[in-house]
Amino acid sequence: MLDSIKKIFSGDADETVSTTGKPDISREKSAALYAKAKTFFPGGVNSPVRAFKSVYGTPLFIEKGDGCYLWDADGNQFIDFCCSWGPLILGHNHSKVREKVIEVMQHGMSFGAPTALENELAELILKNNKFIKKLRFVSSGTEAVMSAIRLARGYTKRDKILKFEGCYHGHSDSLLVKAGSGLVTFGETSSAGVPKSFADETIVVALNDKAALQKAFDEFKDQVAAVIIEPIPANNGLLLQEKAFLQFLREICTQNGALLIFDEVISGFRIGFEGAAGHYQVKPDIITYGKIIGGGLPVGAYGSSAEIMGNISPEGAVYQAGTLSGNPVAMAAGIAQLSELLKTGFYRDLHNKTEEFAEAIQRYASAKNYIFKVFSIGSIFWFAFTDQEAIRRADEIDPASMDKFKMLHRELINRGVYLGPSGYEVGFISSAHTKIDLEKAKRAIFESLDVVFRGK
Ligand SMILES: *Cc1c(COP(=O)(O)O)cnc(C)c1O
């Protein structure tokens, strides 16, 4: 990277120097809010990636969202491809979701006792998903996964879990673990505060590597309670797996008496109503959901067969509870959102739009010989500065390519397009993104790529 550019992105004084000839948008009010937020919150935020540490400038403080648009505190308008990191498959402030939430809120916001709304959302899900027979609602994806792991351990009476490098499963202790060196490794903690003894219960292997998986099972035969995977890994780039690998995973789990957990917190209801399990027609033993399931409010869920779910308290011995679990307002948002997804043609239209968008950008970049790939599936896309035809493992991503993403992000912000502030994050398209919006976004992306690759 050029020194002059390095300076710009290092957060030094002359941050406002633009590489584009196009002035940076005003972030005055966002910057003031951020300065104040830093006095309240570590790093000024309540979730780390929001702090814009991997991209240029201070984080934008959002004032309003409507459809596919966002407005920040300075009045700048953006076409939003972050969509709250996935939940907003109908876009911001969808009238059906808003109205249902307001209707339910008129009757109170939490009871700590069952409501009919929980039945309604559960029925909507279970009737349209052949992979699970019973479920439990919780309040976040992290909680769903953490509970699913406990369930797998309680059910199999084994302790170890196997995860893949490059998959994110929320921030619970046993999952904040990354691969060490070597083919099959005990995990190393990827956060301070996680005891080494916890990490020792987690085995980490590379994605798309049958031999490593086989070796792990040879070594830890009767100790593995569960294998957990994002069947569509979308938290560290978009590391699309081959169906054969997921089938292999299914078989090896069955052979070894380990449960297969699909973490569908992103892919659930995104890739189709039945998520990745439906897309690949591979049946896991437990599925976790989050994000879309709550329509923008905090909901998570885990589900399985009636037999396995029978191990959860109060029916069984695996304890799991929540003061706000099945919260009526959150259930209302989920019911309204999922009802829209069940309408005929919903996913077909969304996927077609995304495919056209991704292909047009790829055509443009390829015609100009830019080292750039758009990977996509369903309504998820990922911009990668690579010339590889496929990226299936975390270690195939070149960290140096993130410098280019940083530039791209800035150019897009200055042209009214908002991507999640990290090159490892994927983008989402919602049903609110019209063809006209996507045309506008494409033009901004073309111009921005031209700047990134200028004098390459
Ligand atoms: C977002 C995510 C989680 C964590 O969900 P939170 O609601 O942020 O706790 C877990 N797994 C996957 C695959 C996710 O994408």
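Reading guide: rules and limits
- Residues numbered from 1 in each chain as written.
- Predicted model: local features only at pLDDT ≥ 70, side-chain atom pairs only at ≥ 80, totals over all residues.
- Heavy atoms only, no water.
- Near = heavy atom within 4 Å.
- Polar contact = N/O pair within 3.5 Å; in protein donor to acceptor, adjacent residues only side chain to side chain.
- Areas by Shrake-Rupley, 256 points an atom, 1.4 Å probe, with all protein chains shown as cover.
- Nonpolar A, V, L, I, M, F, W, Y, C, P; charged D, E, K, R; others polar.
- Domains from an automatic or database assignment.
- Buried area = accessible area lost by both parts, 1.4 Å probe.
- Salt bridge = Lys/Arg side-chain N within 4 Å of Asp/Glu carboxyl O.
- Helix = DSSP H or I, 4+ residues; strand = E, 2+ residues; numbered from the N terminus.
- Contact = heavy atoms within 4.5 Å.

A. Broad picture of the site of the ligand. Around the ligand, the neighbouring residues are S140, G141, T142, Y168, H169, G170, E230, N235, D263, V265, I266 and K291. Here a nitrogen atom of the ligand sits 3.4 Å away from a polar atom, N or O, in the main chain of Y168. D263 places a polar side-chain atom, nitrogen or oxygen, 2.7 Å from a nitrogen atom of the ligand. About the coverage of the ligand: the protein hides 83% of its 380 Å² of free accessible area. Taken together, the residues of the shell around the ligand break down into 3 nonpolar, 6 polar and 3 charged.

B. Region of the structure containing the domain arrangement of the protein. For the protein, the assigned domains are domain 1 (2-92 + 345-454) and domain 2 (95-341). For domain 1 and domain 2, the distance between their C-alpha centres works out to 27 Å. Together domain 1 and domain 2 conceal approximately 2500 Å² of surface at their shared face, both sides included; 63% is due to carbon and sulfur atoms. Counting across the domain 1 and domain 2 interface gives 2 salt bridges. Here R392 makes a salt bridge to E242, at a shortest N to O gap of 4.0 Å. In this assembly, domain 1 and domain 2 are joined by 8 residue pairs in polar contact (both at pLDDT 80 or more). Mapped by element, the contributors of at least two residues to the side of domain 1 that touches domain 2 are α12 (346-367), β14 (373-377) and β15 (380-384). For the side of domain 1 that touches domain 2, a count of residues per class yields 18 nonpolar, 5 polar and 3 charged.

C. Local environment of the side chain of S313. Along the chain, the position of S313 falls in the loop between α10 (306-309) and α11 (328-341). In this structure the side chain of S313 is engaged in a polar contact, spanning 3.4 Å, whose partner is the backbone nitrogen of Q320. Not counting residues within four places of it along the chain, the set of residues in contact with S313 comprises R136, V318, Y319 and Q320.

D. The pattern of salt bridges, seen in detail. Using the criterion set out here, one finds 20 salt bridges in the structure. Note that E340 and K96 form a salt bridge whose closest N and O atoms lie 3.6 Å from each other. Placement of E340 in helix α11 and of K96 in helix α3 (residues 95-105) is noted, with a sequence separation of 244 residues between them. The partner of E447 in a salt bridge is R415, with the nearest N and O atoms 2.8 Å apart. Remark: R415 occurs in the loop between α13 (402-414) and β16 (417-418) and E447 occurs in helix α14 (residues 435-452); sequence separation between them is 32 residues. A cluster of three or more residues bridged by salt bridges with shared partners is formed by K96, E340 and K343.

E. How the structure looks around the environment of R150. On the secondary structure map, R150 appears in helix α5 (residues 141-156). Residues R150 and K178, spaced 28 residues apart in sequence, show a C-alpha to C-alpha distance of 20 Å. Not counting the four nearest positions on each side in its chain, R150 is found in contact with V318, Y319 and Q320.

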